[in-house]
Structure formats: C-alpha cells, structure tokens
Amino acid sequence: MRTTLFAIALVLAGMSAATAADTTVTIKNFNFVMDVSVTPGSTVTWKNLDGEPHTVASADGLFRSPALDQNDSFSFKFDKPGIYKYICSIHPQMRAMITVK
Ligand SMILES: [Cu+2]
C-alpha cells in the first residue's frame, strides 16, 4: 500500500513538471517585456499597453499578429521545443524571443 502511494506521488509530480504554463508578454514603451521560457504546449499571449500599434511577427513566419492597438492581445500556442525570435514589424528594432523547452 505504501509503495503504491509512493508510485502515485511520483506520477503526480511528473505530471505537474510537464504541465504547460500559459504566459503573458506585455508590450510597453516600445519593448517586449520580457523574454520568456515556457514548456511545450504553452500558449503565449502578447498584450500591447502602448498607445502606438505594434505587431508580433516571428522571424521564420510561424506566427504573425495583425496590428495590435492599445490593450489588444494576440496568442500563439508553442508545441515544439526551440528558440523563437520575433520582432514588431512596424518597429523592427523591437526584438525578443520565446524559449520553449
Ligand atoms: Cu511596434
């Protein structure tokens, strides 16, 4: 009985470690705040707090938002591990990345 409980505890611990964690990246003062690391299956939501429109556009074209006005948001689900660089296509000096691992 005790062994069984221990095994269940191990399974539960493993499950929580693998659970996807959804994350929000705010866009503020012409910056993506901040680079984040998420687990596969996580959804990242960007929210623009600036009065100027911004976009979220991946370097390889995997995802691309429309222009986000103030308080608009855009979400993308990351299924595969990797490093995903992206920019704002309106202000290409705005750069950040999402790490999925
Ligand atoms: Cu921008």
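All values derive from a computational prediction rather than experimental measurement.

What follows covers the pairing of strand β8 (residues 95-100). By the bridge criterion, three bridges tie strand β3 (residues 36-38) to β8 in an arrangement that is parallel. What sits directly across from Ser37, in β8, is Thr99. Bridge analysis of strand β7 (residues 82-87) against β8 gives six bridges, and the strand direction is antiparallel. Residue pairing for β8: Lys85 is matched across the bridge by Met97.

A separate point is the environment of Ile90. Relative to the elements of secondary structure, Ile90 occurs in the loop between β7 and β8. According to the C-beta neighbour criterion, Ile90 is partly exposed, with 14 such atoms within 10 Å. Between the C-alpha atom of Ile90 and that of Ala57, which follows or precedes it by 33 residues, the distance is 9.7 Å. For Ile90, the contacting residues outside a window of four places in its chain are Pro53, His54, Thr55 and Ala67.

If you look at the biggest cluster of nonpolar residues, it comprises eleven residues: Val25, Ile27, Phe32, Val44, Trp46, Val56, Leu68, Phe74, Phe78, Tyr86 and Ile98. For this core, the secondary-structure elements that each account for two or more residues are β1 (23-28), β4 (42-48) and β6 (73-78). Residues contacting Val44, with those up to four places away along its chain left out, are Thr23, Val25, Val36, Val38, Ser75, Phe76, Phe78 and Ile98.

This next bit is on unusual backbone geometry. Omega for the peptide link from Val33 to Met34 comes to 25°, which places this bond in the cis form. Topologically, Met34 is positioned in the loop between β2 (31-33) and β3. Residues other than glycine seldom take positive phi values, yet Asn29 does so here, at roughly 55°. Tracing the sequence through the fold places Asn29 in the loop between β1 and β2. The class for Asn29 is exposed, based on 9 C-beta atoms found within 10 Å. Positive phi, normally seen in glycine, also occurs at Phe30, with a value near 60°.

Ordered by their spatial adjacency, four strands build an open sheet running β2-β1-β4-β6, and the pairing between neighbours is mixed. Strand pairing shows two members of the sheet lacking a second neighbour, β2 and β6, which therefore form its edges. On average, each strand axis in the sheet is inclined to that of its neighbour by 25°, with strand direction left out of account. Pairing of β1 with β2 involves three bridges; the strand directions are antiparallel. By the bridge assignment, Lys28 is partnered in β2 with Asn31.

Cut-offs applied
Residues numbered from 1 in each chain as written. Predicted model: local features only at pLDDT ≥ 70, side-chain atom pairs only at ≥ 80, totals over all residues. Pairing = 2+ DSSP bridges. Helix = DSSP H or I, 4+ residues; strand = E, 2+ residues; numbered from the N terminus. Buried ≥ 20, exposed ≤ 12 C-beta atoms within 10 Å, placed from the backbone. Contact = placed C-beta atoms within 7 Å. Core = buried A, V, L, I, M, F, W, Y, C linked by C-beta atoms within 7 Å. Axes fitted to C-alpha atoms, helices over the stretch in contact; angles between N-to-C directions.

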